[in-house]
Structure formats: structure tokens, C-alpha cells
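Below, each chain spelled out in residue letters.
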Amino acid sequence: MLCESVILNINSLANLYFFNFIFVNEYKEGKGIKLFEPIKIGNVELKNRVIMAPIENGMAEVGTGEVTDRIIAFFEERAQHNIAMIMPGSIGVSPEGRGLPTQLSLFDEKQVAGHKRLVDAVHSKGSLVAAQLYHAGRQASEAITGLDPLAPSAIPCGILQNHPKEITHEQMDRIKEQFRQAARWSIEAGYDIVEVHFAHGYLLHSFMSTHTNHRTDEYGGSFENRIKYPMDVLKTVIDEVNGEVPVQIRVSVDEYVEDGMKFEEVKKVCHLAKEMGVASISLSAGCYDAVEYAIQPMFIPQGFIIPFAKELKAEIDIPVIVAARLNDAYLIENVVENDEADIVAIGRGLIADPLLIDKIKVHDYDNICYCIACNQGCIDRVLGGMPAHCMVNPVAGEELTCKLKGKSGKKVAIIGADPAGMEAAITAAKRGMKVTVYEKDELGGKFKALSTPPEKDTFMMFDRYLVSQMKKYNIEVINKEVKADDEFDADTIILATGSKQIVPPIQGIDQEFVLQAEDILENQKKLKGNIVVIGGGLVGTETCKYLGNQGAHVTLVEMKDNIADGIGATFIGHMFAKLAEYHVDIKTNETVKQIKNHEVVLSNTTIPCDYVIIAAGYKARNELAEELSKKYDVRVVGDVFHLEEF
């Protein structure tokens, strides 16, 4: 039997829906020699040039931030696959400074034992571990902590819409002491390196930036005043560790907000930090008001921070670490090979494929499952207070319970070769099962439709991976449409027949100028003129982008009072910007009464049009389940199992 957790997580694969991307695939095959050479950060030697970036994972104990068995299993799985150092996410040094309910914490001595357990487990698998200490500042929320967020100035976070209080000198002293104490406890727990978080708009970064620091005392105004408190905290940490472990900082190269911190000031901070005793610099970008640069979705170019790293590396003689959408093996190799950075930090890529670096080392490029930067399974879930999963790796986050259990001689028939069906077939084949897949169309299900809107080519990376794995395991594919009375030589049938678009009961919907959104996208139809899109969910908004990009005049009609439900924080701003760029006319709180001859009659107005596109959601295509269950052991995955309406 397939692992139940695999089946449950395969279901999330069906929810890979319409987002954006700029894909740069210009990297030539690199030798990868330097990537696997050791390097020192201070007095600590890393076995190679790859670390796991401190991406949030949502696996600490809800509310308390205690280490859990789940988070240990998650990082153990990655530590054993050639990762030189693991950074298990931000660690809150203060109760009011925790940005998430599921975030690691180290503000109470009772929490040290859990961290030691985590560190010991990762060490046992061959990786070093670093503690990233932070205070979320204005990017914490009273709804999460029950306490007032503290910030250099009382300016709400654009995403959280919270109510931060201007931090007092006494509170600044208290938090500085909490950083010092957390550094000491980090050493007691066995962490190899301590990192102080100077990035992403959190407390120390927000002091440095004119975007968030409007103070008029000695901590505001000039650059020297704005960096005074962060540097004071950093010096306190360096003095506390006193050479026992190296200290590094993580800093945003650019906030990507108009009045934010730019690279020239960031370089000054890096030089001052180096003079103070910092052993390495880790580069990231953005803040919550430009969150797409901190946790880069599809539409942010791969490796966009690399030029900043190269420039800083030319000026400073301590290791420079670079991150941000390093999801190409040749890119990862060449960053180090070409001396553009000393170390690469990979976060989501190691959630997607824990064996990523193992595969790069032996040049097994074709079998890498790359992160597609959808942010749905990881960041969107974590920001919602849930543990990270992954749209392309159904085992991610379920390492404790989801393991392949030996070989099996069972025969499995899989009906449907969408992402969930192919993933089920590959998993069964890995267990030695005899797998036969039935698919009436081509492999991939909705991949073609997914990748059609602008900036969405990245979905095809996952399609190519799944197809290659189907070939690797010699999985038989029979091209036919299955009927309920068909006979199967199988112990288990896995139904992965996907979903179909809902056709709402609108008078006049059967006219030839009324089309389904999926048909437009899958067949890449070119439409001009005035077009009405009915439905403002994920599919509807992406269809508007696709049509707007062709030059059509689009009106989007939604019966609810808002559009784009379900789009995550890193995508939503870009989505609305694109709809505005294409001059999409958005009409909410409108009910479609009737479609006449090239007119859509709404509850409050009538819109003339050349075409009408229906994007009213999906329903499961599960017609076979009941009949087949009478004769076979039937499991359902993907949209057949669970389908969110869009």
C-alpha cells in the first residue's frame, strides 16, 4: 500500500494554479569543482559551499516556538545530503518579536534543551547548524503574540496592517540584552555559527531604513544615527560569543521600496560589520512591503541578487553568501565557480528536492526536482500558521510519518496522468509495484493551461521532471479513455481523473462566442476585441492577464465583493499591478442574469462584448469512483479527492 501521507500530499499537487514568472535559462554546464571545496567562516570549516537558507517552515510548536520532532525530522532529511550547514529558520529572541505562531524561539532558558536536541540531530547527519537570531519588529502582529509590536516608528506594516508602538530606549536596552542572552543560549545548544538578522524589514533592519525609521532622536535621521542601534546589538552579540563561534549577518541588498535602503548604504553596513568582527555576510533582499523580493515568486528572475554579491565580494575579504531563486544546477555551480559569491544559500530548492546537492555533485541533472517558486505549499501555508509542505514534493513536511516501506509486488492501475497521477505512479514504481497508467490525452493534465499565462513557464519544469521520472521507471502508459465496466488486472486502482470546469446555469451560455477559460489557455487561443471574463478567482484573473497581454479589452465580473481569493501574499500585489497595466475593468458584487447576442446582462448594467469567457470554478471528475469501488480497492488523489473552488 502507498504511504497514506504521500497520497494526502499528492492531492495538493492538483492545486498548482495560475501565477507568474520570468525564467532565465542561460547558464552553461559548470564543472562544479569549487562548489564542493571546503571554506572557512571564521574558525568554522564548512565541508562545501552550500548551506540551507533560513526559510520559515512552520513546524515549531504553535504559540511557544518549542522544537518539535517534526522539525527535527525535516532537517535531518536534508542534513544527510551534502548540505554543509543548516539554518532552521528565524529564531525569535523576544515574545513580542515573533512573527509567526509556529516560529522557533529562544527567549527562555527552558527552550535551550529543544534546540540542543535539534542541533545534535543535524550534527549526527553530517551538517553544521547556524542560529539566526531576530526580532520581527513592526512585522510582528499583536494577533499572534498578544503583545504590541515594537518598531523604531509607529508605522504599520503594509501586509499585516498592525499597530506597532514606537520603541522606547528602555525597550531597546531590554531587546539588546535578549539578543545577547539568545546568543549565549545558542552556544549552549551547540550551534556552530550565530547570525544576526539585519534583513527583510525586521527590527534591526527597520532602524536602518528611512522607509520605517522616522525618529527624531539620536537613533533617527542620518545614516550614522539609523545604524547606531543595530550595530550596538551586533557588537553586544560579538562581545558575548567572544570568539567561541563566528558571527555573521544577513542583510537585504535593496528593500525595493521607494524610500527604502539601497545597496550603497548596505555596503557601508557590511564594511562596518566586518570591522566589528563579523565573519561572513549573507545577502537577501526586500521587506514585507516588497515581500516578493524577500521570498521570490515565479515572476522574479533567477539569481537576481548575484550581481550585488559579486560587487560586494570584490570589496570585502570575508565570505559572501548569496540566495534568492537559485533553482538551476548550472547557476548554483557557476556562482561559486566564477567567484560571484563564496557560498550559496538554498531554501525552497531543498524543500522541493532534499537530494539536490547530491545530484549536482554527480551531475545527475535530469533527475532534479526543481522548486517552481509557486510559494503555495511552503510560504503561503507558513504565513497562514501551518507547517510547510511542497507542491512538487509531497513528502516535504511529513518526514516523520511518510517513508517508503520496502518493496511490494502489488499491481496498481492509475487512471489519469495529471501531476497527482504521475506522482502516484512514480511513488508506486519506486516501491517495486507493477504500474499501469491509463490516460486518454497527453501526460501532464492541466500543465499546458497552467504555463500559458504570462510569466508562468516555470510550471513546465515540474512537468518535465515528472515525465522524465515516468520514463526512468519504465512506467507503462496506455492511451485510452477508461469506462466504468472496463476490467483491470490490479490490486489497487488510483483514480486521478482530475477536475472539469463548472458551467453555471446562465441563460445563453451555450452560444458559440461563449468559451471556457481552460480551453482558451490550453489551446493558447488568440482573442481580440471586448471580452467579458465571468469569475474572479485564480483562473479568472490569470485569464484576464493572458488576454490583456494580447491587447484585448477585458472586463472581469465577480459576484463576490472581491477578486483573487486564495492568491498568496507574494503574488497578490503583482497580480493587481498586471490587471491595472492591462486596464482590466473589474466589476464586483455583480450577478450575471443573461448572455444575449454579444451582450452580458448583469444585475446593474449590460456589457457589449465579442467573447465571453467562463471561469466559474472546477468540480471533481469523479464519475468512475463509485462504480469501480464495487469491484476494486480504489484510492482517489488530486482534484478527485479534494478540490477547492476558485
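Structure first, text after, so check above.
Residues numbered from 1 in each chain as written. Predicted model: local features only at pLDDT ≥ 70, side-chain atom pairs only at ≥ 80, totals over all residues. Heavy atoms only, no water.

Participant: For this particular structure, what's the right way to read the pairing of strand 9 (residues 193-198)?
Facilitator: Remember that side chains alternate between the two faces of the sheet whenever the strand is regular. Of all six residues in strand 9, six are buried, a share of seventy percent or more. On strand 9, burial covers both faces: Ile-193, Glu-195 and His-197 on one face and Val-194, Val-196 and Phe-198 on the other are all buried. Summarising the sheet, strand 6 (residues 128-134) and strand 9 pair through four bridges and their orientation is parallel. What sits directly across from Gln-132, in strand 9, is Glu-195. Pairing geometry for strand 9 and strand 10 (residues 247-252), over five bridges, is parallel. From the neighbouring strand, Val-194 faces strand 10, where its bridge partner is Val-247. (Buried < 20%, exposed > 50% of the residue type's maximum accessible area, 1.4 Å probe, protein only. Helix = DSSP H or I, 4+ residues; strand = E, 2+ residues; numbered from the N terminus. Pairing = 2+ DSSP bridges.)

Participant: When you look at the sheet that holds strand 15 (residues 434-438) in this model, what are you seeing that I'm missing?
Facilitator: The strands making up a sheet associate through hydrogen bonds between their backbones, and the pairing can be parallel or antiparallel. Strand order across the open sheet formed by five strands is 16-15-14-17-28, with parallel pairing between neighbours. Two strands in the sheet have a free side with no partner beyond their single neighbour: strand 16 (476-478) and strand 28 (633-636). Direction aside, the axes of adjacent strands within the sheet are offset by 25 degrees on average. Where strand 14 (residues 411-415) lies against strand 17 (residues 492-495), four bridges are found, and the strand directions are parallel. Paired with Val-412 across the bridge in strand 17 is Thr-492. The sheet strands contacting helix 16 (residues 419-430) are strand 14, strand 15 and strand 17, and the helix crosses strand 15 at an angle near 165 degrees. (Axes fitted to C-alpha atoms, helices over the stretch in contact; angles between N-to-C directions. Contact = heavy atoms within 4.5 Å.)

Participant: Is there a simple way to explain the packing of aromatic side chains in this structure?
Facilitator: Each aromatic ring pair is characterised by the separation of its centres together with the angle its planes make. Summed over the entire model, instances satisfying the criterion amount to 16 aromatic pairs. Where Tyr-219 meets Tyr-229, the ring centres are 6.4 Å apart and the plane angle is 85 degrees; that geometry is what we call edge-to-face. Of this pair, Tyr-219 sits in the loop between helix 6 (203-208) and helix 7 (223-226) while Tyr-229 sits in helix 8 (residues 228-241); the two residues are 10 residues apart in sequence, bridging distant segments of the chain. The buried category is assigned to Tyr-219, whose relative accessible area is 13%. Taken together through their ring pairs, the aromatic side chains of Tyr-134, Tyr-202 and Tyr-288 make up a single cluster. The cationic tip of Lys-228 hangs over the ring face of Tyr-219; the distance from NZ or CZ to the ring centre is 5.2 Å. Geometry around Phe-223 places Lys-268 over its ring, the cationic atom sitting 5.4 Å from the centre. (Phe/Tyr/Trp six-rings, centres within 6.5 Å; stacked < 30°, edge-to-face > 60°. Lys NZ or Arg CZ within 6 Å of the ring centre and 35° of its normal.)

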